[in-house]
Amino acid sequence: MDLLQQIDKERIPRHVAVIMDGNGRWARQRGKERNYGHENGVEAVKQTVKAAAEIGVPFLTFFAFSTENWCRPESEVKTLMELLVNAIRNETPELDENGVKLMAIGDLNALPAACRTQLEEAISITSGNEKLTVCVALSYSSRWEIADASRRIAERVANGEIKPDEIDQNLFESHLNTNSLPDPDLMIRTSGELRVSNFLLWQIAYSELYFTPVLWPDFRRKHFLQAIIDYQRRERRFGKLAEQLL
Ligand code: FPP
């Protein structure tokens, strides 16, 4: 049976977050440089976006570059930035035609100017689209985001805009980069690593986690659909009893 037929269209996750991992190992298995793995990872991103659009996932987030990734060798950082700029430049027309809205989270001021300009242009071109929002996390880490939100709240308290006792979960969330996104229902990580690696820590409080041994450049529609099927088999209780969910 086609995987698509096993998917319940009424219970599609609203937001799927993806940790793309294993590009380096994929390249090494082929006797190539790590960058070869990143280059081939772009096709997996495209296939995942298509699959998400096909089944009607409204929000999809990719962890493309972490705050910690700046510590990788300069040539790898440079290649990753170039890949991102090129992928965004090449794909924007097709994303736009297919109703995809692009957004980004992370410390975007840390990106090279060319990368930021390209990104801002693509975000602006696609801003009116509503079918699927693709969010790219760039120079992102959850601890950076939480510290950044805390600092901005503290500034607002210091200048008298808000009182300390007005700080609650909703106010805090509204200062996170992800304030326009629902929390992820499902987080996927490839390459067999069982970690969250500083990604969306606040937002995944009740997310289902799905780990697959598939290395990111090999990730395709069927793997995405398998993750959705697995997610739909689980019972989400959000801290309640099963009976209370009825
Ligand atoms: C992890 O593999 C992957 C990355 C750090 C980068 C992922 C980026 C892309 C695929 C570029 C395209 C992205 C978009 C959104 C267009 P790794 O290098 O950590 O692999 P390893 O664990 O095997 O070393």
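Everything numeric in this text was worked out from a predicted model, so none of it was measured.

1. Side note on the overall build of the protein chain
In terms of helices and strands, the protein chain carries seven helices and six strands. The N-to-C order of helical and strand elements in the protein chain reads β-α-α-β-α-β-α-β-α-α-β-β-α. Seen through its principal axes, the protein chain has C-alpha atoms that stretch 55 × 50 × 35 Å. Across the 246 residues of the protein chain, 49% fall into the buried class. Here the analysis covers contacts within the protein chain between residues at least 6 apart in sequence; of these, 77% occur between residues at least 24 apart. Here the protein chain displays about 12800 Å² of accessible surface, and carbon together with sulfur accounts for 49% of that area. Averaging the coordinates of the 31 positive side-chain charges in the protein chain and doing the same for the 36 negative ones gives two points 5 Å apart.

2. Let's talk about the environment of Asn-177
Among the secondary structure elements, Asn-177 is positioned in the loop between helix H6 (169–174) and strand S5 (186–189). Spatially, the C-alpha atoms of Asn-177 and Ile-105 are 5.7 Å apart, while their sequence positions differ by 72 residues. The contact partners of Asn-177, leaving out residues within four places of it in the chain, are Met-103, Ile-105, Gly-106, Trp-144, Glu-145 and Asp-148. For Asn-177, the side chain forms a polar contact with the main-chain nitrogen of Gly-106, separated by 2.8 Å.

3. A closer look at the pairing of strand S6 (residues 208–211)
Side chains of S6 alternate between two faces, with Glu-208 and Tyr-210 buried and Leu-209 and Phe-211 left unburied. Bridge count between S5 and S6: four bridges; the pairing is parallel. Looking at S6, one finds that Leu-186 is bridged to Glu-208.

4. Regarding the site of the ligand
Contacts to the ligand come from 18 residues, most closely from Asp-21, Gly-24, Arg-25, Arg-34 and Arg-72. One of the backbone N or O atoms of Asn-23 is found 3.1 Å from an oxygen atom in the ligand. Contact between the ligand and Gly-24: an oxygen atom at 3.0 Å from a main-chain N or O atom of the residue. Protein coverage of the free-state accessible area of the ligand, which is 630 Å², stands at 90%. Elements with a contribution of two residues or more to the shell around the ligand: helix H1 (23–29), helix H2 (34–55) and helix H3 (74–97). Looking at the shell around the ligand, the element that brings in the most residues is H2, giving five residues. Across the shell around the ligand, the residue classes break down as eight nonpolar, six polar and four charged.

5. Considering helix H5 (residues 142–158)
Taking 1.5 Å of rise per residue, the 17 residues of H5 would be expected to cover 24 Å, and the 24 Å separating its terminal C-alpha atoms lies within 8% of that figure. Buried within H5 are the following residues: Ser-142, Glu-145, Asp-148, Ala-149 and Ile-153. Along the axis of H5, the buried positions cluster into a sector of 130 degrees, meaning they face one direction only. Along H5, exposed side chains directed more than 90 degrees from the buried face belong to Arg-143 and Ala-158. Buried-residue contacts for H5 involve strand S4 (132–140) and H6.

6. Here's the deal with a nonpolar patch on the surface
The grouping of Leu-194, Leu-209 and Phe-211 at the surface amounts to a nonpolar patch, some 270 Å² of accessible area in total. As for its position among the elements, Leu-209 is in strand S6. With a relative accessible area of 32%, Leu-209 lands in the partly exposed category.

Basis of the calculations
Residues numbered from 1 in each chain as written. Predicted model: local features only at pLDDT ≥ 70, side-chain atom pairs only at ≥ 80, totals over all residues. Heavy atoms only, no water. Helix = DSSP H or I, 4+ residues; strand = E, 2+ residues; numbered from the N terminus. Buried < 20%, exposed > 50% of the residue type's maximum accessible area, 1.4 Å probe, protein only. Contact = heavy atoms within 4.5 Å. Areas by Shrake-Rupley, 256 points an atom, 1.4 Å probe, with all protein chains shown as cover. Lys, Arg positive; Asp, Glu negative; His and termini not counted. Charge placed at Lys NZ, Arg CZ, Asp CG, Glu CD. Polar contact = N/O pair within 3.5 Å; in protein donor to acceptor, adjacent residues only side chain to side chain. Pairing = 2+ DSSP bridges. Near = heavy atom within 4 Å. Nonpolar A, V, L, I, M, F, W, Y, C, P; charged D, E, K, R; others polar. Expected span 1.5 Å × (residues − 1). Arc of directions from axis to C-beta. Patch = residues over 30% accessible without salt bridge, like charges linked within 9 Å, V, L, I, M, F, W, Y side chains within 5 Å. Salt bridge = Lys/Arg side-chain N within 4 Å of Asp/Glu carboxyl O.

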